[in-house]
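# Observations on chain architecture
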Amino acid sequence: MGPVIELIAGSYEQIAFGYRLSTGEEEWTATADFTHHAHTASVSAVATSERYIATGSRDETIQIYDMKKRIEHGALLHHDGTISCLEFYGTSHLLSGGQDGLLCVWSTKNWECLKSIRAHKGQVTSLSVHPSGKLALTVGTDKTLRTWNLIDGRSAFIKNIKQNAVIVKWSPEGDKYVVVIGDKVDVYNLETATLTSTIISPKRISSIKFLTNSILAIAGDDETVRLCDVNTQKVLCEFEAHETRVKSVDSFTMDDFCVLVTASNDGFIKMWKLNLESLEPPVLLGKANTTARLTCLAVWKPTTLQEPPPEVKTEPTTSHDIKDILALEKKRKRVRISTVEVVQEEDASPKKKKDGGKKKMKT
């Protein structure tokens, strides 16, 4: 039996789709596994961890789906406005950013909001957690790039940028990060905090993915996906992936090759086999037609084989206990941080208007 891999895609039609991959044959097949229709507006962001899938929407909620039990787990109702970005850190935490300018850190053990940081004066458009789990980057519509110390919830560094950035992303090794503004990718060195190179795309960029620490997959307002070297700014490979613009890209590795996954407005999710050493034109492994207008994409590839879903129990679902890297140093040091840029509220609760008919997350 091959590894358990599912492709999760969000859509304008308010639905999140799950497709289970069969990788044993020469041509892979993607079989519809589930549809998650918990939102009342288009799905704007999706993220996966070892056990959970999180989807954010224009309906101001984050919906959690338990992949182990195959059940809806509940909703997180802290944000006021569209959920613009989601990212898990390991199996212990979920980070979210929204139209309200908040950066929230959630514990996946009991889904408590551990930190609620006023990150930007405008919308948080993108966030990225450093591989160490100690730092996070955010960009927003206030034309700033901000670095956050996740241990104490304080702003560590603020950089003004001339335009609104739409994506920020750490490299896998955490020694550099990239910022996407319109049709360009600016590459920064972490140690010096200086701009080292800029990659220009022919079209506006909508999604990026580090395939290695130096190779970046770039997709945007055309049918083409480009693989670029962030050190030399050279286009190493480019290919036409879809009939219309590519909305989102993600990837995962198999034994000796990389699989790039693309999603488009044309409704298709496609899987491409890449050799990152030879960088020959990619081979199409398989595709799935969702018949929906796709907005976002994530790969769910647990490190341990998932067993068939057990009989549903009445107790609240909990995740495995692991080291809490981003938690406060000690509970007895509960503080209320109030600076010019940061507001931390340990026990922030959702606004009453959010509760209308929605079920809160159990703890």
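Residues numbered from 1 in each chain as written. Predicted model: local features only at pLDDT ≥ 70, side-chain atom pairs only at ≥ 80, totals over all residues. Heavy atoms only, no water.

With that out of the way, let us pick up the environment of Ser-22. Along the chain, Ser-22 turns up in strand β2 (residues 16-22). Look at Ser-22 and you get partly exposed, because its relative accessible area is 36%. Spatially, the C-alpha atom of Ser-22 lies 9.7 Å from that of Gly-286, the residues being 264 residues apart in sequence. Aside from chain neighbours lying at most four places away, what touches Ser-22 is Trp-28 and Thr-29. (Helix = DSSP H or I, 4+ residues; strand = E, 2+ residues; numbered from the N terminus. Buried < 20%, exposed > 50% of the residue type's maximum accessible area, 1.4 Å probe, protein only. Contact = heavy atoms within 4.5 Å.)

For the structure shown, the criterion picks out seven aromatic pairs. Each ring, one from Trp-28 and one from Phe-257, has its centre 6.5 Å from the other, and the planes form 45°; the classification is tilted. A residue pair is termed long-range when its members are at least 10 positions apart, and Trp-28 in the loop between β2 and β3 (29-36) and Phe-257 in the loop between β24 (246-253) and β25 (258-264) qualify at 229 residues. Just as Trp-28 is buried, Phe-257 falls in that class too. Note on Trp-170 and Tyr-177: the rings are 5.4 Å apart at their centroids and 75° apart in plane angle, and the pair reads as edge-to-face. Each member of the pair Trp-170 and Tyr-177 is classed as buried. Counting every residue linked through ring pairs, the aromatic cluster contains Trp-28, Phe-252 and Phe-257. Directly above the ring of Phe-268 sits Lys-270, whose terminal nitrogen or CZ lies 5.9 Å from the centroid. (Phe/Tyr/Trp six-rings, centres within 6.5 Å; stacked < 30°, edge-to-face > 60°. Lys NZ or Arg CZ within 6 Å of the ring centre and 35° of its normal.)

In this structure, strand β17 (residues 176-181) lies alongside strand β18 (residues 184-189), joined through six bridges in antiparallel fashion. Across the sheet, Val-179 pairs through a bridge with Asp-186, a residue of β18. Where β17 folds back onto β18 in an antiparallel hairpin, the turn is made up of two residues, including Gly-182, whose phi is positive at roughly 65°. Note that β18 and strand β19 (residues 194-200) share six bridges and pair antiparallel. Counted as the bridge partner of Asp-186 is Thr-198 from β19. Between the antiparallel neighbours β18 and β19 lie four residues, among them Ala-193 with a positive phi of about 55°. (Pairing = 2+ DSSP bridges.)

Attention now goes to the UniProt feature "repeat: WD" (unreviewed entry) in the chain. Here the UniProt-annotated "repeat: WD" (unreviewed entry) positions come out as residues 36-68, 76-116 and 117-158. The distance separating the terminal C-alpha atoms of residues 36-68 is 15 Å; by composition the span is 0% helix and 55% strand. (UniProt positions renumbered as here; feature names shortened; annotations may be inferred.)

Let's shift gears to the sheet that holds strand β16 (residues 167-170). What links the strands of a sheet is backbone hydrogen bonding, and the strands pair in either a parallel or an antiparallel sense. Overall, antiparallel pairing links the four strands, which are arranged β16-β17-β18-β19 in an open sheet. Here the strands that pair on one side only, and so sit at the sheet edges, are β16 and β19. Taken pair by pair, the neighbouring strands of this sheet meet at an average axis angle of 20°, ignoring direction. (Axes fitted to C-alpha atoms, helices over the stretch in contact; angles between N-to-C directions.)

Quick look at the side chain of Thr-262 now. As for its position among the elements, Thr-262 is in strand β25. Of note is the side chain of Thr-262, whose polar atom sits 2.7 Å from the side chain of His-242. A distance of 3.2 Å separates polar atoms of two side chains, one belonging to Thr-262 and the other to Trp-272. Excluding residues within four positions of it along the chain, Thr-262 makes contact with Val-225, Ala-241, His-242, Val-246, Ser-248, Val-249, Phe-268, Ile-269, Lys-270, Trp-272 and Leu-297. (Polar contact = N/O pair within 3.5 Å; in protein donor to acceptor, adjacent residues only side chain to side chain.)

Looking at the secondary structure, you find Ser-116 in strand β11 (residues 113-118). The class of Ser-116 is buried, set by a relative accessible area of 4%. Polar contacts involving the side chain of Ser-116 include one to the side chain of His-78, which spans 2.9 Å.

So, on to the nonpolar core. Leu-21, Trp-28, Phe-252, Val-259, Val-261, Ile-269 and Met-271 are the most contacted members of the largest nonpolar core, which has 23 residues in total. Those elements giving two or more residues to this core turn out to be β1 (6-11), β2, β25, β26 (268-274), β27 (283-289) and β28 (294-300). (Core = buried A, V, L, I, M, F, W, Y, C linked by side-chain atoms within 4.5 Å.)

The antiparallel open sheet is built from four strands, whose spatial order is β3-β2-β1-β28. On the outer flanks of this sheet lie β3 and β28, each paired with one strand and no other. Shown here is a sheet whose adjacent strand axes are inclined to one another by a mean of 25°, direction ignored. The sheet contact formed by β2 and β3 spans seven bridges and is antiparallel. When the sheet's bridge partners are listed, Gly-18 is paired in β3 with Phe-34.

The next point concerns unusual backbone geometry. In this structure, Arg-70 takes a positive phi of about 60° despite not being glycine. Notably, Thr-291 is not glycine yet its phi reads approximately 60°, a positive angle. By secondary structure assignment, the location of Thr-291 is in the loop between β27 and β28.

Where a strand is regular, its side chains alternate between the two sheet faces. As judged from the five bridges shared by strand β20 (residues 205-210) and strand β21 (residues 215-220), these two strands associate in the antiparallel manner. For Ser-207, the partnering residue across the bridge sits in β21 and is Ala-219. Counted along the chain from β20 to the antiparallel partner β21, the turn is four residues long.

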